[in-house]
Amino acid sequence: MITSYEVFVPSVMGSGASLRTGIKVRALGCKKVLVVYDKGLKAVGIADTIVENLENAGIKTVCFDGVLPDPPDTMVEEAAEMARNETIDGIVAIGGGSAIDTAKGINVLINNTPPIMKYFGVQKNLKPGVPMIFIPTTSGTGSEVTNMCVISCTSRGNKDSVVSPICVGTLAILDPDLTLGLPPAMTSATGVDALAHAVESLTGAHSNPLSDALARDSIRLIARWLPVAYRDGSNLEAREHMILASMFAGMAFTNALVHLGHSIGHTLGAQFHIPHGIACAVTLPEVIEYAAKTESKKVRMICECLGADVPEDATPEEIGAIARTALRSFIKSIGISNLKDLGIPLEAVLKVPPLITADTGFALVPYRITAAKVAELLKSAYDA
Ligand SMILES: [Fe+2]
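Every value quoted in this text rests on a predicted model; they were computed, and no experiment measured them.

Trainee: Hey, could you run me through the packing of helix H6 (residues 184-202) against helix H8 (residues 236-256) in this one?
Mentor: A pair of packed helices can be characterised by two numbers: the angle between their axes and the separation between those axes. Between H6 and H8, the least distance of the axes is 8 Å, while the angle of their chain directions is 40°. Put simply, H6 runs oblique to H8. Along this stretch, H6 crosses H8, giving a crossing that reads as left-handed. Counted together, Thr-187, Gly-191, Ala-194, His-197, Ala-198 and Ser-201 of H6 and Arg-239, Met-242, Ser-246, Ala-249, Ala-252, Phe-253 and Ala-256 of H8 form the full contact between these two elements.

Written out as structure tokens, the structure is:
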């Protein structure tokens, strides 16, 4: 079988790496960049420090500080107009997935006419944009190393993605110092997103030996270090391992794709306004238990990476049950609530399966599953 490996982004990593932003951006030939972030990063001083670092390296900056969670198409179009008017030759995004996806959306519209919804789906022939430098401040999204951006479509009330080489960053700067101030709830909510990327990649439709290796190591790192980062946010070693785990998981799912956990997550997130990582995590144990029916070897690997023992002669059903228990116990240990504790009525949850099976990502689910079975998984996860 011939396997092709997709998308790997040059990266600089380590404590203090963000202080090399100016030098690195100058080396890419940029003279005037749009710096993209949200008001929270401005308030804690991270954005100003990086803007100053860029200017000290002789790079002019224009700032867009209006990044919103789940970036709306209208906001991306407004920022892109700013980028075009200012004739920038590079984009620096600082923040979580929302800031990085906003930067990617802007890049799509630098030389391609709006609206951005015209470009949802796989795009191979867009006019190129400008170099993009991504500086994540959370460990979860992996967006700094993927080839897609997720945008909220305001007219349709859903999320969709542009998947294209134009969304691939030129450089990722991974500085764990920038994640030291993340509060515990944000640490776990973003960390479980990386976990979902890793376990779904491992059981995904397009997994390959490289994505498997990245996903397995990511799960091991998350199992070992996310609880430490959750309990003690100032632990630099844990933050270093988590920023690496998030990148590994991002590379894994760019190759192997995610599946049912993310279709459920996108739908629950849109319906009940739950943070993305939590929305993916609430049913992840049941999703992986179900995946064991066809992918028992991969689910066995997940158990092993989580430190759960699986008897040599365990059946696929037994392996699935062990994975469900291990994942549930892990998710609970880092304070992720179930759907009931999130205050969502069961009747409302049981109305969403048809929306889940209509999600664009549902086509990537590598096994057959009906809306009725999805409802069973949701019911089982509801108060688990
Ligand atoms: Fe995700």
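Trainee: Looking at this structure, how should I read helix H3 (residues 46-56)?
Mentor: What sets the pattern is the α-helix's 3.6 residues per turn: residues three or four places apart point alike. For H3, the set of buried residues is Ile-46, Ala-47, Ile-50, Val-51, Asn-53 and Leu-54. What you see down the axis of H3 is that its buried residues fit within an arc of 160°, all on one side. Within H3, the exposed residues directed more than 90 degrees away from the buried face are Glu-52 and Asn-56. On its buried face, H3 sits against helix H1 (21-27), strand S2 (32-36), helix H2 (39-43), strand S3 (60-64), strand S4 (90-95) and strand S6 (132-136). Gly-58 sits one or two residues past H3 and shows a positive phi near 85°.

Trainee: Is there a simple way to think about the side chain of Thr-102 in this case?
Mentor: For Thr-102, the position within the fold is in helix H5 (residues 97-110). Apart from the residues lying within four places of it in its own chain, the contact partners of Thr-102 are Val-36, Val-67, Pro-71, Met-75 and Val-76.

Trainee: Mind showing me how you'd approach the coordination of the iron ion here?
Mentor: Six octahedral donors around a metal ideally subtend angles of 90 or 180 degrees, whereas four tetrahedral donors ideally subtend 109.5 degrees. Summarising the metal site, the iron ion is bound by the protein donors Asp-193 (OD), His-197 (NE2), His-262 (NE2) and His-276 (NE2), whose distances to it range over 2.2 Å. Considering all four donor atoms around the iron ion, the spread of angles at the metal, 85 to 169°, places the coordination shape in the irregular class. Here the donor residues of the iron ion are spaced in sequence according to D-x3-H-x64-H-x13-H. Linking His-262 in helix H9 (residues 260-272) with His-276 in helix H10 (residues 276-281), this pair joins segments that are 14 residues apart in sequence. Taking the relative accessible area as the measure of exposure, His-262 reaches 4% and is therefore buried. You can call His-276 partly exposed: its relative accessible area is 25%.

Trainee: It is not clear to me how the pairing of S2 should be interpreted in this structure. Could you clarify?
Mentor: Put simply, side chains in a regular strand alternate between the two faces of the sheet. A large share of S2 lies buried, amounting to four of its five residues. In terms of strand pairing, S2 meets S4 through four bridges, oriented parallel. For Val-36, the partnering residue across the bridge sits in S4 and is Ala-93.

Trainee: Got a minute to help me understand the nonpolar core in this structure?
Mentor: Nonpolar side chains in soluble globular proteins tend to be buried together. Judged by nonpolar contacts, the single largest core of 75 residues is most densely connected at Ile-219, Leu-260, Leu-268, Ile-288, Leu-339, Ile-369 and Leu-378. The residue makeup of this core includes at least three contributed by each of domain 1 (11-179) and domain 2 (184-382). With 33 residues, the next largest nonpolar core counts Ile-91, Ala-99, Ala-103 and Tyr-119 among its residues.

Trainee: How should I be thinking about the pattern of salt bridges in this particular structure?
Mentor: Pairs can form between side chains of opposite charge once their charged atoms are near each other. Scanning the model with the defined rule gives nine salt bridges in all. A salt bridge links Lys-39 to Asp-65; the shortest N-O distance between them is 3.3 Å. Here Lys-39, found in helix H2, pairs with Asp-65, found in the loop between S3 and helix H4 (73-85); they are 26 residues apart in sequence, far enough to count as distant. Residue Asp-70 is joined to Lys-159 by a salt bridge in which the shortest nitrogen-to-oxygen separation is 2.9 Å. Of this pair, Asp-70 sits in the loop between S3 and H4 while Lys-159 sits in strand S8 (residues 158-163); the two residues are 89 residues apart in sequence, bridging distant segments of the chain.

Trainee: Please explain unusual backbone geometry as it appears in this structure.
Mentor: Excluding glycine, most residues fall at negative phi; most peptide bonds, likewise, are trans. Cis geometry marks the peptide bond from Pro-114 to Pro-115, where omega comes out at 5°. Structurally, Pro-115 can be placed in the loop between H5 and strand S5 (121-122). A positive phi is found at Asp-70, a non-glycine position, where the angle reads about 45°. Overall, Asp-70 belongs to the partly exposed group, its relative accessible area being 39%.

Trainee: Got a minute to help me understand H4 in this structure?
Mentor: Over its 13 residues, H4 extends 18 Å from the first C-alpha to the last, a length consistent with the 18 Å expected when each residue adds 1.5 Å. What H4 keeps buried is the set Asp-73, Met-75, Val-76, Ala-79, Ala-80 and Ala-83. Viewed along the axis of H4, the buried residues span an arc of 155°, placing them on a single side of the element. On its buried face, H4 is in contact with S2, S3, H5 and strand S7 (148-153). Looking one or two residues beyond H4, the residue adopting positive phi is Thr-87, at roughly 40°.

Trainee: So what exactly am I meant to see when it comes to the sheet that holds strand S1 (residues 11-13) here?
Mentor: A sheet is described by the order of its strands in space; here six strands give the open sequence S1-S9-S6-S4-S2-S3, paired in parallel fashion. For this open sheet the edge positions go to S1 and S3, each flanked by a neighbour on one side alone. Going from strand to strand, the sheet's axes swing by 20° on average, the running direction of each strand aside. The strands touched by H8 are S1, S6 and strand S9 (171-174); relative to S1, the strand with the most contacts, the crossing angle is about 165°.

The rules behind the values
Residues numbered from 1 in each chain as written. Predicted model: local features only at pLDDT ≥ 70, side-chain atom pairs only at ≥ 80, totals over all residues. Heavy atoms only, no water. Axes fitted to C-alpha atoms, helices over the stretch in contact; angles between N-to-C directions. Helix = DSSP H or I, 4+ residues; strand = E, 2+ residues; numbered from the N terminus. Parallel < 35°, antiparallel > 145°, perpendicular 65-115°, else oblique. Left-handed = near helix turned anticlockwise from the far one by under 90°. Contact = heavy atoms within 4.5 Å. Buried < 20%, exposed > 50% of the residue type's maximum accessible area, 1.4 Å probe, protein only. Arc of directions from axis to C-beta. Donors = N, O, S within 2.8 Å, 3.2 Å for Na, K, Ca; no water. Tetrahedral: all angles 85-135°; square planar, octahedral: opposite > 155°, others 65-115°. Pairing = 2+ DSSP bridges. Core = buried A, V, L, I, M, F, W, Y, C linked by side-chain atoms within 4.5 Å. Domains from an automatic or database assignment. Salt bridge = Lys/Arg side-chain N within 4 Å of Asp/Glu carboxyl O. Expected span 1.5 Å × (residues − 1).

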